[in-house]
Amino acid sequence: QLQLVESGGGLVQPGGSLRLSCAASGFSLDGYAIGWFRQVPGKEREGVSCISSSGGRTMYTNSMKGRFTISRDNAKKIVYLEMNRLSPEDTAVYYCAASRTPPGYGVNWCPSFFPATEGGRKVYEYDYWGQGTQVTVSS
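What comes next concerns the included structure. (Residues numbered from 1 in each chain as written. Predicted model: local features only at pLDDT ≥ 70, side-chain atom pairs only at ≥ 80, totals over all residues. Heavy atoms only, no water.)

### Topic: the sheet that holds strand β3 (residues 18-25)
The condition is simple: Strands are labelled as partners when DSSP assigns at least two bridges between them. Helix and strand assignments come from DSSP, with helices taken as H or I runs of at least 4 residues and strands as E runs of at least 2, each series counted from the N terminus. Axes here mean lines fitted to C-alpha atoms, for a helix over just the part in contact, with angles spanning 0 to 180 degrees between N-to-C directions.
Strands sit in the order β1-β3-β8-β7 across an open sheet of four strands; the sheet is antiparallel. The sheet is open, and its two borders are formed by β1 (3-7) and β7 (68-73), each paired with just one other strand. Neighbour to neighbour, the strand axes of the sheet diverge by 15° on average, direction disregarded. One ladder, built from six bridges, connects β7 with strand β8 (residues 78-83); its direction is antiparallel. The residue bridging Asp73 from the neighbouring strand is Ile78, located in β8.

### Comments concerning the packing of aromatic side chains
What counts, and what does not: For Phe, Tyr and Trp, where Trp contributes only its six-membered ring, two rings pair if their centres lie within 6.5 Å, and the inter-plane angle classes them as stacked under 30 degrees, edge-to-face over 60, or tilted in between. To sort residues, take the accessible area from a 1.4 Å probe on protein chains only and compare it with the maximum for the residue type: under 20% means buried, over 50% means exposed, and anything in between is partly exposed.
One pass over the structure, following the stated rule, counts 10 aromatic pairs. Relative to Tyr128, the ring of Tyr32 lies with its centre 6.1 Å away and its plane at 50°, an arrangement referred to as tilted. Highlighted residues: Tyr32 in strand β4 (residues 32-39) and Tyr128 in strand β12 (residues 128-129), separated in sequence by 96 residues. On the basis of relative accessibility, which here comes to 22%, the residue Tyr128 falls in the partly exposed class.

Here you go:
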């Protein structure tokens, strides 16, 4: 089975840090860009960060830029998200997702954070999703 499993979430005080991990099994991360998303109840899923299959290109939503760092270890099949200076607004379920680089695309490609609407539902450019890990920032 191809799957992604997030870990590392939990309760942290404002200003604190957490490191999330996304572990893949059943397939190699080579050829896959990896994205991190987050979602709170009643709100749309939000893109957080993306790293290309080579690790040569990264993307961050502006509110995360400078605070979050994404990295990957293809040999270990793990992608990390280091989160610093956390605030209550960062409270959410965090998901990782894998997107296979289409034929002819380069190793520095990252898919869009934004989904298309198809049949009244959102469709993202990702093939596999984890179940999420809860991050709660509270004093």
